[in-house]
Amino acid sequence: MSILSELDSVKKELQEVLKEVSIVPIEWKDGKLRWIDVTSLPWEERYVESSDIYRVAEAIKRLEIRGAPAIGVTTALAVAMVAYNSPNNKDEMMKNIEKAVEILSHTRPTAYNLFWALNIMKKTFYESIDLSPQEIKEKLLSKALKIQIEDIKNNLKMGEIGEKLIQDGDTILTHCNTGSLATAGHGTALGVIKTAWKNGKKIKVIATETRPLLQGARLTAWELKKEGIPFKLITDNMVGIVMMKEMVHKVFVGADRILRTGHVINKIGTYGIAVLASYHKIPFYAVAPTSTFDLTTSPEDVIIENRDESEVTTVLNKLRIAPEGTSAYNFAFDMTPPELVSGIVTEKGIVEKDYESNIKKLFE
Ligand code: MRU
């Protein structure tokens, strides 16, 4: 198959796969990226278009685009975009791609999918170096669109695999936002919840608001409302009481990075939820595609993103809630040790304890 006809067939496949999802957060638009700026939700559904790599990097940094899989897909499309808009000169194109990789790699340090996607795009570029500049552009775009397709397909698969863990009548507690807005579509943990609901299970959801940036209150509640799934919102410090009152049957969360040891790095607060779930003997599941698995970094070497303290001392930078000059910690993620994790749902199946050897098998 020629590279151009491969690209055409990937574009057709993408159109088919997109029919399976209700929200498309990121799209390729003839040399530009178009994304829903999730910082404007739930007040406004605002879309942004740009072909500027600095603008895309800014969107990732300021969480207009967020959630590990969504960051990975955007990164791949952004590298393809830079190549596509480069002159038909290989040296220029290489310079532009290397610069884009550098810029993107400094946006968010914890989400593994970012680095996973950058490595795939770099490899695709260098493997295509003997092709014509036009063919390299088509090859990179094909690859990025395939990453987008694969993410949606994986989410739908994880939905079907993970929903088997849910019983009719269950109340599921979830944290942060792991739905369509955090992926290329459907979602990871929220994807499992959506699939269970679509398959007719009468479930309820408890969503944590997820301070400081309120991804649960703003985004998960927005998605659940759109889907018609019954839910209650709680503040993060209510997790203990709802578990104590036996109002939670299972916990499903996403992941920004999963280590070969089974450590789950996810939105700040996940570790506390896992400790409480363990104390109350409530199963705690992580849901993530294999693109989130980092098989080389050790737990002590994981970089936990530290964000600006103003996110903690204000509400969404709109209202100051601490005396002027107050300093704050703002760890964006934490790490849940494997002993607190009941299972990890992936597109290849559910990984159970003992994680070290079962994760190894997953990649064999
Ligand atoms: O800081 P964010 O909003 O990018 O954090 C997102 C999360 O922690 C999600 O739980 C994780 O990326 C999994 S998303 C499918």
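Residues numbered from 1 in each chain as written. Predicted model: local features only at pLDDT ≥ 70, side-chain atom pairs only at ≥ 80, totals over all residues.

Help me out: how do you make sense of the environment of D308 in this one?
Take D308: it is sitting in the loop between β11 (293–294) and α11 (310–313). Measuring from C-alpha to C-alpha, the distance between D308 and Y329 comes to 8.4 Å, with 21 residues separating the pair along the chain. (Helix = DSSP H or I, 4+ residues; strand = E, 2+ residues; numbered from the N terminus.)

In this structure, what is going on with the domain arrangement of the protein? I would like to understand it.
It is common to give the size of an interface as the accessible area lost on bringing the parts into contact. Structurally, the protein comprises domain 1 (3–156) and domain 2 (157–363). Here domain 1 and domain 2 have C-alpha centroids that lie 25 Å from each other. Of all the elements in the fold, those that place two or more residues in the side of domain 1 that touches domain 2 are α3 (68–84), α5 (112–127) and α6 (133–163). The dominant element in the side of domain 1 that touches domain 2, judged by the number of residues it contributes, is α6, at seven residues. Here the side of domain 1 that touches domain 2 is built from residues that sort into 19 nonpolar, eight polar and four charged. (Domains from an automatic or database assignment. Nonpolar A, V, L, I, M, F, W, Y, C, P; charged D, E, K, R; others polar.)

Help me understand the nonpolar core in this model?
A78, V79, A80, A144, I193 and A286 are the most contacted members of the largest nonpolar core, which has 98 residues in total. Residue contributions to this core peak at 13 residues, all from α3. Shared between two domains, this core takes at least three residues from each, and those domains are domain 1 (3–156) and domain 2 (157–363). In this structure A78 touches L33, I53, V56, A100 and L104, once residues within four positions along its chain are discounted. (Core = buried A, V, L, I, M, F, W, Y, C linked by C-beta atoms within 7 Å. Buried ≥ 20, exposed ≤ 12 C-beta atoms within 10 Å, placed from the backbone. Contact = placed C-beta atoms within 7 Å.)

Please explain the UniProt feature "site: Transition state stabilizer" (unreviewed entry) in the protein as it appears in this structure.
Following the UniProt record, one finds the feature "site: Transition state stabilizer" (unreviewed entry) at C176. Mapped onto the secondary structure, C176 falls in the loop between β4 (171–174) and α7 (189–198). You can call C176 buried: it has 29 C-beta atoms within 10 Å. Sequence-distant contacts of C176, defined by excluding residues within four places in its chain, comprise T210, Q215, G216, G254 and K267. (UniProt positions renumbered as here; feature names shortened; annotations may be inferred.)

What is the right way to read the site of the ligand from this model?
Around the ligand, the surrounding shell holds 17 residues, and the nearest of these are R66, A68, A182, G254 and K267. Contributions of two or more residues to the shell around the ligand are made by α3 and β9 (264–267). Considering only residue class, the shell around the ligand consists of seven nonpolar, seven polar and three charged. When we break the shell around the ligand down by domain, the ones giving at least three residues each are domain 1 (3–156) and domain 2 (157–363). (Near = placed C-beta within 6 Å.)

Please explain the confidence of the model for the protein as it appears in this structure.
Low pLDDT marks regions whose predicted coordinates should not be analysed in detail. Averaged over every residue, the pLDDT of the protein is 98; the share at 70 or more is 100%. Both scores are available for the predicted complex, with the pTM at 0.98 and the ipTM at 0.99. (pLDDT = per-residue confidence, 0-100.)

I would appreciate a short explanation of the sheet that holds strand β14 (residues 333–336) in the present structure.
In a beta sheet, neighbouring strands pair by backbone hydrogen bonds and run either parallel or antiparallel. Spatially, β11-β8-β9-β14 is the arrangement adopted by the four strands of the open sheet, whose pairing is mixed. The open sheet has two edge strands with one neighbour each: β11 and β14. Pairing of strand β8 (residues 257–259) with β9, which is carried by two bridges, proceeds in the antiparallel orientation. Note that in β9 the partner of I258 across the bridge is V264. (Pairing = 2+ DSSP bridges.)

Please explain the pairing of strand β15 (residues 343–346) as it appears in this structure.
Pairing between strand β10 (residues 284–287) and β15: three bridges, direction parallel. When the sheet's bridge partners are listed, Y285 is paired in β15 with G343. Bridge count for β15 against strand β16 (residues 349–351) is three bridges, and the pairing is antiparallel. What sits directly across from T346, in β16, is G349. Turn length for the β15-β16 hairpin, with the two strands adjacent in sequence and antiparallel, is two residues.

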